[in-house]
Amino acid sequence: MTPMATQLESHEPRPLASPAEHGLPPRPLARPAEHGSPPERLGPPAEHGSPAIALRGVTRSFPRVRQPPLTALEDVSLAIAPGEVVAIVGPSGAGKTTLLELVCGLQQPDLGELSAVAAALMPQRDLLLPWVDALENAGLALRLAGHSRAQARREAAPVFEALGLAGFEQSRPDQLSGGMRQRVAFARTLLSGRSLLCLDEPFGALDAITRMELQDWLADALATSPRTVLMVTHDVEEAVVLADRVLVLSPRPGRLIAEFTVERPRPRERTDAELVALRARILEVLR
Amino acid sequence: MRAASTVLGPVVRVLSTGRPRRAPRAPSASVQVPAPAAAAVAGSRQAASVLAPVGLLVVLLAGWELYARLGSVSPVILPSPSAIASSLVDDRALLWTNFTVTAGEALGGIGLAVIGALALAGAIHFSRSLRLAVYPLLVASQAVPLVLLAPLLVAWLGFGLAPKLAIVVLVSFFPILVATLDGLAATDPDLLKLVRTLGATRWQAFVSVEAPNALPGVFTGARVAVVFSLIGAFLAEWSGASRGLGLLVEQAIPQLDTARAAAAVALLAGFALLLFGGLGLAERRLLPWTRTVSR
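Please read these numbers as outputs of a predicted model, since none were measured by experiment. (Residues numbered from 1 in each chain as written. Chains lettered and ligands numbered in written order. Predicted model: local features only at pLDDT ≥ 70, side-chain atom pairs only at ≥ 80, totals over all residues.)

**Some words on the pairing of strand β8 (residues 245-249) of chain A**
The side chains of a regular strand alternate, residue by residue, between the two faces of the sheet. Residue and element names in this part refer to chain A. So the rule is basically this: Any residue surrounded by 20 or more other C-beta atoms within 10 Å of its C-beta is treated as buried, while 12 or fewer makes it exposed and the intermediate range makes it partly exposed; C-beta atoms here are placed from the backbone. By definition, any uninterrupted DSSP run of H or I lasting at least four residues is a helix, any uninterrupted run of E lasting at least two residues is a strand, and each is numbered from the N terminus. Pairing between strands requires that DSSP locate at least two bridges from one strand to the other.
The element β8 is largely enclosed, with a buried count of five among its five residues. The two faces of β8 match: Arg245, Leu247 and Leu249 on one face and Val246 and Val248 on the other face are all buried. In this structure, β8 lies alongside strand β9 (residues 256-261), joined through five bridges in antiparallel fashion. Bridging from a neighbouring strand, Leu249 pairs with Leu256 of β9. With antiparallel pairing between neighbouring strands as the criterion, β8 and β9 make up a hairpin whose turn holds six residues.

So this is what it looks like as structure tokens:
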């Protein structure tokens, strides 16, 4: 544990100054991560019970031909409480997708320990089934759970419509725009019935306005039916608008170098000066 | 001509590209092609898709006719297209009776081959040891000349339908099996991962992802197999039969009635074209998502 703490301290450019320096109210909007503290304090507060996701010293590397293995993630420890929304930001190749696939059980760590509740993954590519229509794609998990086609369609319809897809129920994926396909994939993830959602750049293919609409929609949806969310994004604004915590990964090999807590109730205003300031500070760490 | 191009257009297009493709897109609004001009472009493209193959056929037949009439080759060895055509008309009852026999054998055999190949492809896909055990034998079996197998099958199965079906299955099974297996193996691994995270069992992943992914391959294999199946049925009849085009040709040649033999072959060739094109159309119909080239 000690080497990691040392590394983190040496990398971490103290992302947040003390609130007083910025003239912020006593209750800080964000507080610096406690990476220097003992591992148990990295986890969620005790009252949350056992975490939805717990990683301890997780390292993942990929063998390469005639080259040393490529280390995607190195010594990552984190714990996410049930109901928490956590965003991961970091440069390309920082192992963000690898982290999600580890949590979803699609990859195994080379070193370290990992435990997570069953998760639904929304991959970066929409990966819709080309041979079934949009509504059936959205209700895929229901079909796999043994529901009849008609029942799956009925249950999927409200979410499908809420995501602005009404009228495209019977379109095949190849007849939809990229943004629509992404929304179908999002609906499919939401309809998985899993309490943990792993979202890989969920709104990356959308235009700015639709993206904001769907971010607001997700914030509302999480307020009414809370889920644990682990999302990868390259959009720092999206991270601060949606997440309870923002984790920053370093360039390859990916390590956790900073952590920001956003203590602002959702839904949040994008123009909130404190969120804007926080966004600037996260960008500074990323640079 | 207009009616012909409407009917033949899709078939010819499917034949000419081998694989069905999405029909040419209508010009988008931004291009601003006047509607009549656009219709004319589409119409001329339709006409071309019929005229090109028909034109080539006419040229080839005319050359053949000239060579057969003016050349030094005896009409017993090379009948002229006009002689074949008149045989097609004069012997139509005889040809048709025998054609239905051969076509029935070919279609029945193809049906059995499709069922067998799909079942074996599924089994091989799930069992590595089955693949290792069976695949090499199947590949080797394809190198055994039919002329060697046909008499053996007649000896075992008699002169009825059974040996014909057996030979048709033997020649058409393999292309369907290989194309299906490739289709199953070519499934996007990320798609499989995804359905796993959504709770799919191994069998559900097969049914909902791998099997649909293999369907275009099944059609590709079947298009190759229908052509083989006709040769198979023909050869099987040659080796011993009471009816069929193979028998008809076997009897026509010693009688020096080459035109009738060639008419029988022309009938088979036409049927092959029809089946090949029909399968292409069926694929467009049944697998509409394959019409677009993948993103």
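Having seen the model, we can carry on.
**Overview of helix α7 (residues 161-185) of chain B**
Rules: Every helix has an expected span of 1.5 Å times one less than the residues it contains.
Compared with an ideal rise of 1.5 Å per residue, which puts 25 residues at 36 Å, α7 of chain B spans 35 Å between its outermost C-alpha atoms and is within 8% of the ideal. Burial runs high along α7 of chain B: 21 of the 25 residues are buried.

**Here's the deal with the interface of chain B and chain A**
Note the threshold: Note that contacts rest on C-beta atoms placed from the backbone: two residues are in contact if these are within 7 Å. Polarity classes work like this: nonpolar for Ala, Val, Leu, Ile, Met, Phe, Trp, Tyr, Cys and Pro, charged for Asp, Glu, Lys and Arg, and polar for all others, with Gly in that last group.
The interface of chain B with chain A comprises 16 residues on the first partner and 18 residues on the second. Of all elements in the fold, only α8 (189-197) and α9 (202-238) of chain B reach the threshold of two or more residues within the side of chain B that touches chain A. No other element matches α8 of chain B, which puts six residues into the side of chain B that touches chain A. Residues that form the side of chain B that touches chain A fall into these classes: nine nonpolar, five polar and two charged.

**Brief notes about the packing of α7 of chain B against α9 of chain B**
Residue and element names in this part refer to chain B. To be explicit about the condition: Angles run from 0 to 180 degrees between N-to-C directions of axes, and those axes are lines fitted to C-alpha atoms, restricted for helices to the stretch in contact. Angles are sorted into four bins: roughly parallel if under 35 degrees, roughly antiparallel if over 145, roughly perpendicular if 65 to 115, and oblique for all others. Crossing chirality is assigned from the near helix's rotation relative to the far helix, an anticlockwise turn below a right angle marking it left-handed and a clockwise turn marking it right-handed.
For the pair α7 and α9, the least separation of the axes is 7 Å and the interaxial angle reads 155 degrees. With respect to α9, the axis of α7 lies roughly antiparallel. At the point where α7 passes α9, the crossing takes the right-handed sense. Looking at the contact of α7 with α9 residue by residue, the class counts come to 21 nonpolar, nine polar and four charged.

**Comments concerning the sheet that holds strand β4 (residues 111-116) of chain A**
Whether parallel or antiparallel, the strands of a sheet pair through hydrogen bonds between backbone atoms. Residues and elements named next belong to chain A. With antiparallel pairing, the three strands of this open sheet are ordered in space as β2-β1-β4. Of all strands in the sheet, those bounded by a partner on one side alone are β2 (67-80) and β4. Ignoring strand direction, the axes of neighbouring strands in this sheet form an average angle of 30 degrees. Pairing geometry for strand β1 (residues 53-64) and β4, over five bridges, is antiparallel. From the neighbouring strand, Ile53 faces β4, where its bridge partner is Ala116.

By themselves these figures say nothing about function.
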